[in-house]
Amino acid sequence: MNYETDVVVVGAGPVGLFAVFECGMVKLNCHVVDALDAVGGQCAALYPEKPIYDVPGHPSILAADLIERLKEQAAPFAPTYHLGRQMTGLERAGEAWRCTLSDGTTITAKAVIVAAGGGAFGPNRPPLDGIEAYEGKGPGAGVAYFVTRREDYRGKRVVIAGGGDSAVDWAISLAEVAEKIMVVHRRPKFRAAPESEARLKALADAGTIELVVPYQLHSLEGEGGKLSAVVVATLGGQTRRLEADALLPFFGLATELGPIAEWGLGMDRNLITVDPATMATTAPGILAAGDICTYPGKLKLILAGFAEAARAAHTAHDVAHPGEALHFER
């Protein structure tokens with residue numbers, strides 16, 4: 001199949017979906033490409049029930065609910081979705097770009113907005129001997145790297161390892177349903193948002209959560225793939241045994257750009273460099289927004305990605321309709 005459109009959006013996560021809406025507002029038609037089989041990116045695939053706190057107007061919104069709202073917002077502009085397919089080729093076609101998908105489909109577009117997050121992703125696994133035996137044991141059991149249903153952990157003893165936003169946010173959320181939450185981190189200071197860290201420590205002071213610091217994961221105990229305990233250790237070698245039904249290690253994601261790295265765009269440590277005033281890359285008509293891009297002062301927040309998507313859409317309008325003034329005000 002061959003298509004022509006105004007804009008191809010690479011990535012159907014929250015920033016990509018908002019880019020579709022913003023493009024629609026300036027009367028640009030979009031085709032959206034994503035390697036996953038459903039829209040939503042990491043929000044839908046990895047943590048649909050994770051609360052998100054930095055969306056204006058929502059003190060807290062679940063990731064899955066945010067994706068549903070963004071889909072509804074983009075729907076009036078009738079984007080064409082190409083899901084379960086990767087964009088494998090990008091080449092200049094006159095004043096436009098020809099995008100080739102993994103199934104052979106080609107899409108010719110006047111502009112391309114890359115909103116692919118960190119690219120293809122998977123968890124960073126802790127280096128524990130025999131950890132594979134405890135993985136994939138079903139909801140709320142053994143070792144898991146993502147939480148898709150909070151209810152799976154009701155009444156369970158859960159060890160959460162890590163010190164970033166995911167570890168802290170899930171500890172706060174699961175504390176409402178789990179029998180016991182133990183958070184293992186190598187130092188007392190966490191890397192989460194200050195307000196989230198304050199909430200975590202307030203729950204620890206109240207006895208709702210146990211902070212196991214300064215410790216790190218050492219080994220796992222259990223039989224037949226059923227986890228019974230997580231052994232942690234200090235840097236000095238002192239060990240402690242934590243009885244547990246589940247271990248949730250949140251050590252970030254290993255990401256791979258895949259074909260994006262071969263498109264000849266300016267890169268800085270696996271991120272696409274852009275002009276923050278336009279979201280333009282080093283290639284004419286190729287823009288980037290969200291976690292995939294970088295510039296001085298960049299904030300890796302969803303709300304920052306939304307603003308970048310809006311800027312990219314306006315730049316895409318200038319690319320698609322050169323010389324045409326855009327009188328736009330809300």
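Before any of the text, the structure's been laid out above.
These figures come from a predicted structure and were not determined experimentally.

Moving on, we come to the overall build of the protein. Tallying secondary structure elements over the protein gives 6 helices and 22 strands in all. Buried positions account for 48% of the 330 residues belonging to the protein. Long-range pairs, those at least 24 residues apart, make up 58% of the contacts in the protein with a sequence separation of at least 6. Only carbon and sulfur atoms are counted for the fraction: they give 51% of the accessible area of the protein, which is about 15200 Å².

A turn of α-helix holds 3.6 residues, and therefore any two residues three or four places apart point the same way. Burial of helix α4 (residues 165-174) is extensive: 8 of the 10 residues sit out of reach of the surface. Residues of α4 that are buried include every one of Ala167, Val168, Asp169, Trp170, Ala171, Ile172, Ser173 and Leu174, and no others. Here the buried face of α4 lies against β3 (51-52), β11 (157-161), β12 (180-184), α5 (194-205), β13 (209-212) and β17 (246-249).

This part takes up a nonpolar patch on the surface. The grouping of Leu299, Leu301 and Leu303 at the surface amounts to a nonpolar patch, some 250 Å² of accessible area in total. Looking at the secondary structure, you find leucine 299 in the loop between β22 (293-294) and α6 (302-320).

Moving on to the nonpolar core. Grouped burial of nonpolar side chains is what soluble globular proteins tend to show. Membership of the largest hydrophobic core comes to 61 residues, with the highest contact counts inside it found for Val7, Val8, Met87, Val112 and Val114. Those residues in contact with valine 114 that sit more than four places away from it in its chain are Val10, Ile260, Trp263, Ile272, Ile286, Leu287, Ala288, Ala289 and Ile292. Counting 23 residues, the second-largest nonpolar core is a separate cluster that includes Val158, Ala175, Ala178 and Phe250.

This brings us to the side chain of threonine 105. Checked against the element boundaries, threonine 105 lands in the loop between β7 (96-101) and β8 (106-114). Its relative accessible area of 5% is what places threonine 105 among the buried residues. Only 3.0 Å separates the side chain of threonine 105 from the side chain of aspartate 103, close enough to count as a polar contact. With residues up to four places along the chain from it excluded, the contact list for threonine 105 reads Met1, Tyr3, His82, Arg85, Cys99 and Thr100.

What follows concerns the sheet that holds strand β20 (residues 271-273). Strand order in the open sheet formed by 3 strands is β19-β20-β22, and the pairing between neighbours is mixed. Unpaired on one side and paired on the other, β19 (267-268) and β22 mark the two borders of the sheet. Sheet topology note: the β20/β22 ladder contains 2 bridges and is parallel. Within the sheet, the bridge partner assigned to threonine 273 lies in β22 and is threonine 294.

Turning our attention to the sheet that holds β17. Pairing is parallel in the open sheet, where 5 strands are placed in the order β10-β17-β11-β12-β13. Each of the sheet's edge strands pairs with one partner strand only, and the pair in question is β10 (142-143) and β13. Sitting on the sheet, α4 touches β11, β12, β13 and β17, and the angle it makes with β11 is about 165°. Relative to the sheet, α5 contacts β12 and β13, its axis offset from that of β13 by approximately 105°.

What follows is about the packing of helix α1 (residues 14-25) against helix α3 (residues 63-74). Put simply, α1 and α3 touch, their axes get as near as 8 Å, and they point 20° apart. In terms of their interaxial angle, α1 and α3 are classed as roughly parallel. As α1 packs across α3, the resulting crossing turns out to be left-handed. Contacts from Pro14, Leu17, Phe18, Val20 and Phe21 in α1 reach Ile67, Leu70, Lys71, Gln73 and Ala74 in α3.

In contact at an axis separation of 8 Å, α1 and α6 are set at 40° when each is read in the N-to-C sense. When the interaxial angle is binned, α1 and α6 end up oblique. Judged by the twist between their axes, the crossing of α1 over α6 is right-handed. Packed against α1, whose contacting residues are Pro14, Val15, Phe18, Ala19, Glu22 and Cys23, the element α6 presents Gly305, Phe306, Ala309, Ala310, Ala313 and His314 at the interface. In terms of residue class, the contact of α1 with α6 is built from 9 nonpolar, 2 polar and 1 charged.

What counts and what doesn't
- Residues numbered from 1 in each chain as written.
- Predicted model: local features only at pLDDT ≥ 70, side-chain atom pairs only at ≥ 80, totals over all residues.
- Heavy atoms only, no water.
- Helix = DSSP H or I, 4+ residues; strand = E, 2+ residues; numbered from the N terminus.
- Buried < 20%, exposed > 50% of the residue type's maximum accessible area, 1.4 Å probe, protein only.
- Contact = heavy atoms within 4.5 Å.
- Areas by Shrake-Rupley, 256 points an atom, 1.4 Å probe, with all protein chains shown as cover.
- Patch = residues over 30% accessible without salt bridge, like charges linked within 9 Å, V, L, I, M, F, W, Y side chains within 5 Å.
- Salt bridge = Lys/Arg side-chain N within 4 Å of Asp/Glu carboxyl O.
- Core = buried A, V, L, I, M, F, W, Y, C linked by side-chain atoms within 4.5 Å.
- Polar contact = N/O pair within 3.5 Å; in protein donor to acceptor, adjacent residues only side chain to side chain.
- Pairing = 2+ DSSP bridges.
- Axes fitted to C-alpha atoms, helices over the stretch in contact; angles between N-to-C directions.
- Parallel < 35°, antiparallel > 145°, perpendicular 65-115°, else oblique.
- Left-handed = near helix turned anticlockwise from the far one by under 90°.
- Nonpolar A, V, L, I, M, F, W, Y, C, P; charged D, E, K, R; others polar.

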